[in-house]
Amino acid sequence: MNFDLTLEQDQLRDAVRALGRKYGHDYFVTKAKAGEHTTELWDEAGRLGYLGVNIPTEYGGGGGGITELAIVCEELAAAGCPLLLLVVSPAIAATVIAKHGTDGQRKRFLPGFADGSLKVVFAITEPEAGSNFHRLGTVARRDGDDWLLSGRKCYISGVDEARYVLVVARTEDASTGKLKPALFMVPTDAPGLTRSKLDMEILSPENQFLLYLDDVRLPADALVGESLDAGLPALFAGLNPERITVAAMGAGTGRYAIERASEYTATRKVWGGRSIGSHQGVSHPLAHAAVQVELARLMIHKAATLYDAGRDLEAGVAGNMAKYAAGEAAALAVDTAVQALGGAGMTTEYGVATLLGAVRAGRIAPVSREMILNFVAQHVLGQDKSY
Ligand SMILES: Cc1cc2nc3c(=O)[nH]c(=O)nc-3n(C[C@H](O)[C@H](O)[C@H](O)COP(=O)(O)OP(=O)(O)OC[C@H]3O[C@@H](n4cnc5c(N)ncnc54)[C@H](O)[C@@H]3O)c2cc1C
């Protein structure tokens, strides 16, 4: 058993940490409040190769795995810059194309993922289907060589920043029964694709959208993979990276909040010469949160290691557990940090309450804590499904 990162991974972590700190949480918050995106940070991270760490070298990437991408997600979040689009573009979309795209799709898209110049967002959630993907109602039908896509998607992050949205649909003849998904690369400016921005109570430079697909016409090569049979494995290929990287982002956010709070409580004095952190009523909750975050990091490390070793089934269990643990730990850490800072905790200046919405959402998305508990109950504990 080895808990150490390799030298290269260590160097990556230090370098990403330095980049994250150069921008910092104030930058993230200023952008979010202005309704702008973190373009400068994204572009610089792309130029430095951090957004393409998991892309094969033959396409200009770093040739690493999800372990490396999780390091990037965690360290940027630990610097106060949790970038949600890292989870959808390099983790989900790039993995799907790298593992299940055609040769042509790999050549066309992977170089852009490698340097971050291509952002692709991911659309699976639908208003009616919700957590039940078997009910997906977005339908793809053949029209000559083309495809026509119709349906609705909701809460889709980053559509306004992306060139493509990777849409999960089903074919017309597979509209009932078990999900047989078909994945499509849909240009965000495709005729028939419209969007409306959702008002979310999350301070984030990334926005969520409702998407309407009204007979969106796509060429045959918009279908991911050589045939419709590629759909299900392609969809599953994206799930483990999604869970692991979103967990890493949560762990990084937890670390950030605990660090901010610890700095504050070590120096703030309101009872004579003692710091408020000397009172165990203040320090123990922070220490408890630190334990939870560290436990989540261990699980993330395990999940990423299993995934990169090609042990997908075990990575599925570990990735779900890591996502659950990190989601809970991040929410606890931020809430505890806010409390430890008192009134300062609720200000923008001290930069912890600014994360409350994001960590709360992390217990719902991209997979809710309840659906993870269902997964563990059924697949680890052998319990029957109630739904
Ligand atoms: C900030 C944010 C960003 C997002 N970005 C994206 C994105 O980029 N792309 C995308 O496709 N989606 C995105 N989503 C959607 C997200 O993945 C869904 O919100 C999530 O999967 C839950 O689906 P739902 O909202 O339809 O909840 P529902 O399915 O309606 O569930 C509501 C509640 O009931 C619980 N529940 C449902 N079924 C069960 C059950 N069988 N057992 C126990 N509990 C159950 C759920 O856990 C949840 O708490 C985003 C959501 C948020 C909040």
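Refer to the preceding data block for the structure.
A short tour of the structure in this document, coming up. Within any chain, residue numbers begin from 1 and follow the written order of that chain's sequence. Restriction of local features to residues with pLDDT of at least 70 applies here, the model being predicted, together with a cutoff of 80 or more for giving and counting side-chain atom pairs; totals for whole chains, interfaces and linings are based on all residues.

**As for the overall build of the protein chain**
Spelled out, the test is: Strands here are runs of E lasting at least two residues and helices are runs of H or I lasting at least four, both read from the DSSP assignment and numbered beginning at the N terminus. Atoms counted for the radius of gyration: C-alpha only. Globule rule: 2.2 Å times the number of residues to the power 0.38. With C-beta atoms placed from the backbone, a residue counts as buried when 20 or more other C-beta atoms lie within 10 Å of its own, as exposed when 12 or fewer do, and as partly exposed for counts between those limits. Whether two residues are in contact depends on their C-beta atoms, placed from the backbone: they are in contact if these lie within 7 Å.
Within the protein chain, the secondary structure is distributed over ten helices and nine strands. Taken over the C-alpha trace, the protein chain has a radius of gyration of 21 Å; the compact-globule value for 387 residues is 21 Å, and the two agree within 12%. By its C-alpha atoms, the protein chain is 80 × 50 × 45 Å across when sized along the principal axes. Expressed as a percentage of the 387 residues in the protein chain, the buried residues total 50%. Put simply, of all contacts in the protein chain between residues at least 6 apart along the chain, 72% involve residues at least 24 apart.

**A closer look at the packing of helix α7 (residues 280-308) against helix α8 (residues 312-340)**
Our working definition: Here an axis means a line fitted to C-alpha atoms, over the contact stretch when the element is a helix, while the angle between two N-to-C directions is reported on a 0 to 180 degree scale. When describing relative orientation, an angle under 35 degrees is termed roughly parallel and one over 145 degrees roughly antiparallel, while 65 to 115 degrees is termed roughly perpendicular and anything else oblique. Crossing handedness follows the turn of the near helix against the far one: under a right angle anticlockwise gives a left-handed crossing, and clockwise gives a right-handed one. We call Asp, Glu, Lys and Arg charged. Ala, Val, Leu, Ile, Met, Phe, Trp, Tyr, Cys and Pro are nonpolar, and the rest, Gly among them, are polar.
In contact at an axis separation of 8 Å, α7 and α8 are set at 160 degrees when each is read in the N-to-C sense. One finds that α7 runs roughly antiparallel with respect to α8. Once α7 is placed against α8, the crossing between them reads as left-handed. Here the contact of α7 with α8 is composed, by residue class, of 22 nonpolar, four polar and four charged.

**Focus on the packing of α8 against helix α10 (residues 369-379)**
Packing of α8 against α10 brings their axes to within 10 Å, and their N-to-C directions diverge by 145 degrees. Between α8 and α10 the crossing geometry is left-handed. For the pair formed by α8 and α10, the contact residues are Val317, Asn320, Met321, Lys323, Tyr324 and Gly327 on the first element and Arg369, Ile372, Phe375, Val376 and His379 on the second. Of the residues that constitute the contact of α8 with α10, the class distribution is six nonpolar, three polar and two charged.

**Let's talk about the site of the ligand**
What counts here: Here, nearness means that the C-beta atom of a residue, built from backbone geometry, sits within 6 Å of the molecule or strand in question. For every domain, the bounds stem from an assignment made automatically or drawn from a database.
Contacts to the ligand come from 23 residues, most closely from Gly130, Ser131, Ala365, Ser368 and Glu370. Those elements that place two or more of their residues in the shell around the ligand are β1 (120-123), β3 (146-157) and α10. A class-by-class count of the residues in the shell around the ligand yields 15 nonpolar, seven polar and one charged. When residues of the shell around the ligand are assigned to domains, at least three map to each of domain 2 (122-228) and domain 3 (232-379).

**Thoughts on the nonpolar core**
Applied cut-off: The term nonpolar core refers to a group of buried residues, namely Ala, Val, Leu, Ile, Met, Phe, Trp, Tyr and Cys, whose C-beta atoms join them within 7 Å.
Ranked by internal contacts, the top residues of the largest apolar core, which has 123 residues, are Val165, Leu166, Phe184, Val186, Ile300, Ala322 and Val334. Here this core gets 15 residues from one element, more than from any other, and that element is α8. The contact partners of Ala322, leaving out residues within four places of it in the chain, are Arg243, Ile244, Ala247, Ala296, Met299, Ile300 and Ala303.

**Concerning α7**
Note the threshold: Working rule for helices: expected span equals 1.5 Å times residues minus one.
Here α7 contains 29 residues, and its C-alpha end-to-end distance of 41 Å stays within 8% of the 42 Å for a straight helix at 1.5 Å per residue. Directly beyond the C-terminal end of α7, a positive phi value near 80 degrees is found at Gly310.

**Here we look at the environment of Phe236**
Relative to the helices and strands, Phe236 resides in helix α6 (residues 231-267). With 149 residues separating them along the chain, Phe236 and Val87 place their C-alpha atoms 15 Å apart.

Without other data, these values stay purely geometric and don't point to any function.
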